[in-house]
Amino acid sequence: MLEEYIQDLWRFFPLPICYVNPVHRILEVNEAFLEFTGYTNNEIIGTYAFQLWKGAKEGSALEEELLKRDHFEREIILTTKEASRIPIRLYAQLRRDSAGEVIGYFLALVDITREKEFSGQLEEKVQERTKQLEDMRSALLNMLEDTEEARKRAEGDRNRTRAIITNFPDGLLVLDASQHAELVNQAAERMFDVKARDILGKSLDQLKLFSTILPLVELYEASEGGVSHKELEMAGGKVVVVSALPLQFGEEFRGAILALHDITREKEVERIKTEFVSLAAHQLRTPLSAIKWTISMLLDEGGGKNLTEQQRDYLRKTYRSNERMILLINDLLDVTRLEEGKYLYKPEFGQIDALLKNVVESHQGEAKRREAKLKLELPSKGPIRILMDAEKIRLVFQNLLENALSYTFKGGTITVSLYLRGGDEEVEVVVQDTGMGIPQGQQRRVFEKFFRATNAKKVDTEGSGLGLYLAKNIVEAHGGTIWFESQEGQGATFHVVLPVKKEIEEFLKTF
Amino acid sequence: MKRVLLIEDEELISALLAKKLSEGGYDVTVAGDGEEGIVKAKMQNPDIVLLDMMLPRMNGLEVLQEMRDDADLRDTPVIIISNSGQPVEIEAVRKLGAKDWLVKTNFDPGEVLEKVRSYIG
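Everything quoted here is computed from the prediction, not taken from an experiment.

When its secondary structure is counted, chain A shows 17 helices and 17 strands. Expressed as a percentage of the 511 residues in chain A, the buried residues total 25%. The long-range fraction of contacts in chain A, counting pairs at least 24 apart against all pairs at least 6 apart in sequence, stands at 52%.

See below:
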């Protein structure tokens, strides 16, 4: 009864099991075992149990180990009849008789293919991941190496930059993002007459306590983040051009560089030059006036009556040449005076419409001689008063009109118009002629000192090339602008825009 | 006859102008430097003085200043004839009461004569 029960159970059991005698011969297997290994009952009974996992290097070791212990569990590879190799977990259970002698053992086989596959995948994954990590690690190492290199390079760059800044001939004061002095170079130390250690880390307000730095900081604050240039006089009579340059990265403010460029020498050279020209011009005027007066007396009714007509003609021509020379020197004097700052600007409110009327009237005679029409167009609203140095503004329009007349052909028209602009904040004067115009290629040089367009030189050999240079200087000193449009052969139109009321102080300081 | 004192160091200029003014009916005295000019002005008490600015010994501005300090010469009209013409200088002599400033290169002797006539007839 019991035996049957055991037989049934044995057959039914889904786990492959077998019973092996102490010398490892298989005595009995269940159905599941046959199915699993692919052998028939006849083939398997009596065979050496370990042939099932033959080739497994641990075969003989297992054999011995098995008999030493009651329980046993080990993962091994089973070879089926079809020579498939299946990973299994082998369970063994020794059987002993009542005397304790081993009479055999059970073996149970658990297929762990799935488990192995899974763990194999896992292993693969782990390996893969490990490899990734390895790669990452080496990449990271590379990066670190690169970073180190970059750091060294950056440090080198920074040292270089520092060296450049320190030894830069211009004074440099660098502010950090919180507007504190971060760096000051040697040139700036000299210009400010301070030691770097005394100003480093100081805020703008603290820097202002140094009288030599105050104007610079004020200029920087007034620039409100924009770039600005201005001439400043420093300690010891040095003249510098200061520039404030904010360091902006996108929206972020990273500080600013304040640069001081020493132009003392240039100023001195300029001064000597203008002084020389001024002196030379004065020295030239004396003999020129003597010549002028002598010829004038000779040509006078009384003085010149004994001269022949040819002699009188020579003298008239000499007189005219002399006049030309005088004009040139007057222009030269005006320019140098303008440059050496002696051109006294006396801005007062004056009538620009009346001034234009006067200038136009005084040129009507010349217009008639040249058979040109000279018109003036004034706005109905008047008088128009603007803040100006009338004497200098007159010079501007005299020059523009003289040019227009000189370069306009017979029968041409010159129109001078006055407009109120920008909500009566500005006036614009337009001087338009129908003359020869200015060649395209030479237009940008028109306001340069001594420049004369090639076509102008052919028609009028007398011009000094200083008129428009003067005009531009005067207009700009008033805070105005001057420009023109022209096409060669089709006349030129000059525009002068002047503010009705400009901050007086500002343009007084310019001169 | 109205008296004109011409203080001018350039001999050619003064000779030409003196001739022109004489022809125009004036009694002309010439001084070649500032000091001489002051002496002659005090001696003769002229109706008008034509004064150069750049002069040896005393310059035009000093001559003018001294004339203004002299009761007899304080109201004598003075016309500056100069080769210079800087606004600062013009401003300075105007404050000292000079009537006019003529830049020599911009005027003929005839025009100077007319100016003189316009002030003293």
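So that's the structure; there's more coming.
When its secondary structure is counted, chain B shows five helices and five strands. Element order for chain B, N to C, with α for helix and β for strand: β-α-β-α-β-α-β-α-β-α. Out of the 121 residues in chain B, the part that is buried amounts to 38%. In chain B, the share of contacts with a sequence separation of at least 24, taken over all contacts with a separation of at least 6, comes to 60%.

Residue and element names in this part refer to chain A. Taken in spatial order, the five strands of this open sheet run S2-S1-S5-S4-S3, and their pairing is antiparallel. The open sheet has two edge strands with one neighbour each: strand S2 (26-29) and strand S3 (71-79). The average angle at which neighbouring strand axes cross in this sheet is 25°, direction not considered. In the sheet, strand S4 (residues 85-96) pairs with strand S5 (residues 102-111) via nine bridges, with the strands oriented antiparallel. In the strand pairing of S5, Arg96 is matched with Val102.

All names here are of chain A. Residues Gly171, Leu173 and Leu175 of strand S6 (residues 171-175) are buried on one face, while the alternating residues Leu172 and Val174, pointing to the opposite face, are not. Inspection of the sheet shows S6 paired to strand S7 (residues 181-184) by three bridges, in the antiparallel sense. Pairing of Val174 across the sheet is with Leu183, part of S7.

Time to look at the sheet that holds strand S5 (residues 100-103) of chain B. All names here are of chain B. Taken together, five strands build an open sheet; the order of strands is S2-S1-S3-S4-S5 and the sheet is parallel. The two strands at the open ends of the sheet, each matched to only one other strand, are strand S2 (27-31) and S5. Between one strand axis and the next, the sheet turns through 20° on average, direction left out of account. Where strand S1 (residues 3-7) lies against S2, five bridges are found, and the strand directions are parallel. Paired with Leu6 across the strands is Val30, a residue of S2.

Attention now moves to the nonpolar core. All names here are of chain A. Ile352, Leu356, Val396, Leu400, Val429 and Ala471 are the most contacted members of the largest nonpolar core, which totals 42 residues. Put simply, the parts of the chain that give this core at least two residues each are helix H12 (352-362), strand S13 (385-388), helix H14 (390-406), strand S14 (413-421), strand S15 (426-433), helix H16 (467-477) and strand S17 (492-499). In terms of residue count, H14 provides more of this core than any other element does, seven residues in total. Here Leu356 is in contact with Leu376, Phe397, Val416, Leu418 and Val429, once residues within four sequence places are set aside.

Our focus in this paragraph is the confidence of the model for chain A. The pLDDT averaged across chain A works out to 81; a share of 91% of its residues lies at or above 70. Here residues 504-511 of chain A is modelled with pLDDT under 50, and outside its nearest four sequence neighbours on either side it reaches 13 contacts, counting other chains as well.

Among all positions of helix H3 (residues 60-69) of chain B, only B:Gly60, B:Val63, B:Leu64 and B:Met67 are buried. Mapping the buried residues of H3(B) onto a view down its axis gives an arc of 100°, with all of them on the same face.

It is worth spelling out the confidence of the model for chain B at this point. Here chain B averages 89 in pLDDT, while 97% of its residues score no lower than 70. Model confidence for the complex is summarised by a pTM of 0.48, with the ipTM given as 0.84.

What follows deals with the packing of H12(A) against H14(A). Residue and element names in this part refer to chain A. Where H12 contacts H14, the two axes come as close as 10 Å, and the packing angle between them is 45°. The angle between H12 and H14 falls in the class oblique. Crossing angle aside, the handedness with which H12 passes H14 is right-handed. Of the residues in H14, those in contact with Leu355, Leu356 and Val359 of H12 are Ala390, Ile393, Arg394, Phe397, Gln398 and Leu401. Within the contact of H12 with H14, the residues separate by chemical class into seven nonpolar, one polar and one charged.

Residues and elements named next belong to chain B. At a minimum axis separation of 9 Å, helix H2 (residues 34-44) and H3 run at an interaxial angle of 25°. On the basis of their axis angle, the class for H2 and H3 is roughly parallel. Pair H2 / H3 crosses with right-handed handedness. Between H2, through Gly34, Gly37, Ile38 and Ala41, and H3, the contact on the second element is made entirely by Glu62, Val63, Glu66 and Met67.

What follows concerns the environment of A:Thr212. Residue and element names in this part refer to chain A. Turning to its location among the elements, Thr212 is positioned in the loop between helix H8 (204-207) and helix H9 (214-223). Taking the number of C-beta atoms within 10 Å as the measure of exposure, Thr212 has 16 and is therefore partly exposed. For the pair Thr212 and Val194, spaced 18 residues apart in sequence, the C-alpha separation works out to 8.6 Å.

So, on to H2(B). Residues lying three or four places apart along an α-helix face the same way, a consequence of the helix completing one turn every 3.6 residues. All names here are of chain B. Within H2, burial applies to Gly34, Gly37, Ile38 and Ala41. Buried positions in H2, seen along its axis, are confined to an arc of 95° and lie on one side of it. Pointing more than 90 degrees away from the buried face of H2 are the exposed residues Val39 and Met43. Contacts from the buried residues of H2 go to S1, S2, strand S3 (48-51) and H3. Count one or two residues on from H2 and you reach Asn45, which has phi positive near 45°.

Conventions we followed
Residues numbered from 1 in each chain as written. Chains lettered and ligands numbered in written order. Predicted model: local features only at pLDDT ≥ 70, side-chain atom pairs only at ≥ 80, totals over all residues. Helix = DSSP H or I, 4+ residues; strand = E, 2+ residues; numbered from the N terminus. Buried ≥ 20, exposed ≤ 12 C-beta atoms within 10 Å, placed from the backbone. Contact = placed C-beta atoms within 7 Å. Pairing = 2+ DSSP bridges. Axes fitted to C-alpha atoms, helices over the stretch in contact; angles between N-to-C directions. Core = buried A, V, L, I, M, F, W, Y, C linked by C-beta atoms within 7 Å. pLDDT = per-residue confidence, 0-100. Arc of directions from axis to C-beta. Parallel < 35°, antiparallel > 145°, perpendicular 65-115°, else oblique. Left-handed = near helix turned anticlockwise from the far one by under 90°. Nonpolar A, V, L, I, M, F, W, Y, C, P; charged D, E, K, R; others polar.

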